[in-house]
Amino acid sequence: MPVPFAADSAAEAVSVTGWGRTAPSSAQVLRPGSYEEAVRAVRECGGRGTIARGLGRAYGDAAQNAGGAVLDMTGLDRIHEIDAVNGLVVCDAGVSLHRLMQVLLPLGWFVPVSPGTRYVTVGGAIGADIHGKNHHVSGSFCRHVRAIELLTGDGETRLVTPEDEPDLFWATAGGMGLTGIVLAATVELMPVETSMMTVDTERATDLDDLMARLTAEDHRYRYSVAWIDLLARGAKTGRAVLTRGDHAPLDALPPRLRDEPLAFRPGRLPAAPRFLPDGLLGRRSVGLFNEFWYRKAPREQRGRLQRLSSFFHPLDGLPEWNRIYGRGGFVQYQFVVGHGEEEALRRIVRRIGSRRCPSFLAVLKRFGDADPGWLSFPVPGWTLALDIPAAMPGLAAFLDELDDEVAAAGGRVYLAKDARLRPDVLARMYPRLDAFRDLRTRYDPRGAITSDLARRLGV
Ligand SMILES: Cc1cc2nc3c(=O)[nH]c(=O)nc-3n(C[C@H](O)[C@H](O)[C@H](O)COP(=O)(O)OP(=O)(O)OC[C@H]3O[C@@H](n4cnc5c(N)ncnc54)[C@H](O)[C@@H]3O)c2cc1C
């Protein structure tokens, strides 16, 4: 990706994709190094507009803008202020959660919400209002954001707080970058005594067993998530490995770890091979992997100490793992259906199983209360996320059918993962969409802020 900033230059367009590597489009990528440069980029952008981009971990086309400009925000990466007494950080939007962990953990603070990768920016975390394994306890990221410095499409920079400008704040939370460019934010942190986790693991024999375990015990844990075997069928449908835990207190560490209880040393392997032989991620191999993964997990294990990075971000140890799906890339499908819609979840899991989707990265989680963000994804209920190679025959039609099933159950799909939803279905899933559109027009009469996702879905 080119780095120089020049709003008015004839910088060449380059191909941009999301993490799933599907639906590439060409845009002029500009990398502002100051707020002034970002303001200029918005004020001077052409008719195809501009969109903010963080570390490109959204799977679909949210941080792309065909024929227009993409603002790579990673050049704005200053940490302005840390209040180590009250647990607050003020930083630029391009600062990654990885960097925050490096800086804040030694001070005894952790980010309030962490997704399955720490290579996301604060701006991306706000844009998608990301959730973590602690959603049932802590809600999504923006609940912990005190203030946002927002550059709106009219070229103005505003300090937006949930108290003073609730509409603009909660439209921005999960608004996929479409209310403007987040320049900086103030985020509340969570105190921790160590950088280790205490983890309980158990196996669930099928989907009902899994849901029963999650319902009965989730309230006892800050973090909870289940890996689910979506290739298992019959009596084993929905079998899973459930991991739950919390930050380890100091007195849980063995003496050898107590000297540096807050050390943050995530491991990193060499990058994944660019292209694996065709068929390696086929049904048979993924089926074998899933069988191995399920059996390898302890039937029940309590209080195991685990590094924070292994617990939260196991995939970050393998850079560029998204390339293992080959040139065609992959789709991540994540949806949520509410409590009381368990039958819809069962049906969908059975359908995925009978389609034999070769998915080895599938997780089920139980969300807590809905978040106030107008387009925030979480609602109380069950969320399932799975990876599927984009080359799977009949995938588009199959996912359209799942969308209809999810919408009929009052559920929704997650826009940060999406590359293919239809606009009519979006409106059924997100009831505040019209209010969101109105707000955008108010703050961005020229339509300067836009993206491939916005055009595809008519947002
Ligand atoms: C391995 C993996 C695991 C993941 N696990 C989770 C998970 O557990 N929970 C979860 O919620 N998500 C998860 N995600 C998705 C990821 O957290 C979100 O897509 C996040 O938005 C990515 O941040 P980014 O900095 O890479 O932003 P990008 O992908 O570059 O952009 C994402 C969106 O944020 C907007 N945006 C980015 N920066 C700004 C800014 N400065 N101002 C305004 N808008 C901005 C963009 O316009 C775009 O709409 C995961 C992704 C991966 C690859």
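Rules behind the numbers
- Residues numbered from 1 in each chain as written.
- Predicted model: local features only at pLDDT ≥ 70, side-chain atom pairs only at ≥ 80, totals over all residues.
- Heavy atoms only, no water.
- Near = heavy atom within 4 Å.
- Polar contact = N/O pair within 3.5 Å; in protein donor to acceptor, adjacent residues only side chain to side chain.
- Areas by Shrake-Rupley, 256 points an atom, 1.4 Å probe, with all protein chains shown as cover.
- Nonpolar A, V, L, I, M, F, W, Y, C, P; charged D, E, K, R; others polar.
- 1 Å grid on protein atoms, 1.4 Å probe; cavity = no way out; pocket = protein on both sides within 12 Å on 5 of 7 lines; lining within 4 Å.
- Points joined across faces, edges and corners; volume = space filled by probe spheres on them.
- Helix = DSSP H or I, 4+ residues; strand = E, 2+ residues; numbered from the N terminus.
- Domains from an automatic or database assignment.
- Buried < 20%, exposed > 50% of the residue type's maximum accessible area, 1.4 Å probe, protein only.
- UniProt positions renumbered as here; feature names shortened; annotations may be inferred.
- Pairing = 2+ DSSP bridges.
- Axes fitted to C-alpha atoms, helices over the stretch in contact; angles between N-to-C directions.
- Salt bridge = Lys/Arg side-chain N within 4 Å of Asp/Glu carboxyl O.

Participant: So what's going on with the site of the ligand? Which residues, and what values?
Facilitator: Taken together, 34 residues lie near the ligand, and Ala52, Gly54, Ala58, Thr121 and Tyr414 sit nearest. Separating an oxygen atom of the ligand from a backbone N or O atom of Ala52 is a distance of 2.7 Å. Here an oxygen atom of the ligand and a backbone polar atom of Gly54 are 2.7 Å apart. Contact with the protein chains removes 95% of the 950 Å² of surface that the ligand exposes when unbound. Considering only residue class, the shell around the ligand consists of 20 nonpolar, eleven polar and three charged.

Participant: Account for empty space enclosed by the protein, naming residues and giving values.
Facilitator: By the definition in use, this model includes two cavities of 30 Å³ or more. In this structure, the largest cavity occupies an estimated 60 Å³ of space. As for the largest cavity, its lining consists of Val331, Gln332, Tyr333, Gln334, Val413, Tyr414, Lys417, Asp418, Ala419 and Arg420. It is strand 16 (residues 330-338) that contributes the most residues to the lining of the largest cavity, four residues altogether. A class-by-class count of the residues in the lining of the largest cavity yields five nonpolar, two polar and three charged. Roughly 30 Å³ of volume is contained in the second largest cavity. Every residue lining the second largest cavity is listed: Ala128, Gly174, Met176, Leu375, Phe377, Tyr414, Leu415, Ala416 and Tyr430. Residues belonging to the lining of the second largest cavity are distributed by class as follows: eight nonpolar, one polar and no charged. Split by domain, the residues of the lining of the second largest cavity number at least three in each of domain 1 (77-192) and domain 2 (196-423).

Participant: A description of unusual backbone geometry should follow, citing residues and the corresponding values.
Facilitator: Most of the time, phi is negative for any residue but glycine, and the peptide bond is trans. Backbone geometry at Ala23 places phi at a positive 50 degrees, although glycine is not the residue there. Structurally, the position occupied by Ala23 is in the loop between strand 1 (13-16) and strand 2 (25-30). Look at Ala23 and you get partly exposed, because its relative accessible area is 40%. A positive phi angle is found at Met176, which is not glycine, with a value near 55 degrees. Turning to its location among the elements, Met176 is positioned in the loop between helix 5 (166-172) and strand 10 (181-188). Accessibility expressed as a relative area gives 9% for Met176, which makes it buried.

Participant: Go over the UniProt feature "domain: FAD-binding PCMH-type" (unreviewed entry) in the protein chain, please, and point to the residues and values.
Facilitator: As recorded in UniProt, the feature "domain: FAD-binding PCMH-type" (unreviewed entry) lies at residues 22-192. End C-alpha atoms of residues 22-192 are separated by 38 Å, and the span's content is 20% helix alongside 27% strand.

Participant: Could you give an account of the pairing of strand 8 (residues 145-151), with specific residues and numbers?
Facilitator: Most of strand 8 is tucked away: five of the seven residues are buried. Here strand 8 runs beside strand 9 (residues 157-160); their pairing, made up of four bridges, is antiparallel. Each bridged residue has a counterpart across the sheet, and for Glu149 the counterpart in strand 9 is Leu159. The turn linking strand 8 back onto strand 9 is made up of five residues, and Gly155 within it adopts a positive phi angle of 90 degrees.

Participant: Explain the sheet that holds strand 1 to me, and be specific about the residues and the numbers.
Facilitator: As summarised here, the arrangement of the four strands in space is 1-2-4-3, forming an open sheet in which the pairing is mixed. Whereas interior strands pair on both sides, the edge strands pair on one side only; in this sheet they are strand 1 and strand 3 (50-53). Strand-to-strand twist of the sheet, defined as the mean angle between neighbouring strand axes without regard to direction, takes the value 45 degrees. Both strand 2 and strand 4 (residues 69-72) contribute to a ladder of three bridges, which runs parallel. Directly across from Leu30, in strand 4, lies its bridge partner Leu71.

Participant: Now, about the pattern of salt bridges: what can you tell me, with residues and values included?
Facilitator: This model, assessed by the stated rule, comprises 39 salt bridges. Taking the shortest distance from any N to any O, the salt bridge between Asp208 and Arg346 comes out at 2.7 Å. In this pair, Asp208 is assigned in helix 6 (residues 207-217) and Arg346 in helix 9 (residues 342-355), connecting sequence segments 138 residues apart. With relative accessibility at 40%, the residue Asp208 sits in the partly exposed group. What makes Arg346 partly exposed here is its relative accessible area of 23%. The salt bridge involving Arg239 is made with Asp229; its shortest N-O contact spans 2.9 Å. A residue pair is termed long-range when its members are at least 10 positions apart, and Arg239 in the loop between strand 13 (223-228) and strand 14 (240-247) and Asp229 in the loop between strand 13 and strand 14 qualify at ten residues. Residue Arg239 shares its accessibility class with Asp229, and that shared class is buried. One connected set of salt bridges, linked through shared partners, spans Asp61, Asp400, Asp403, Asp404, Asp418, Arg420, Arg422, Asp424, Arg428 and Arg456.

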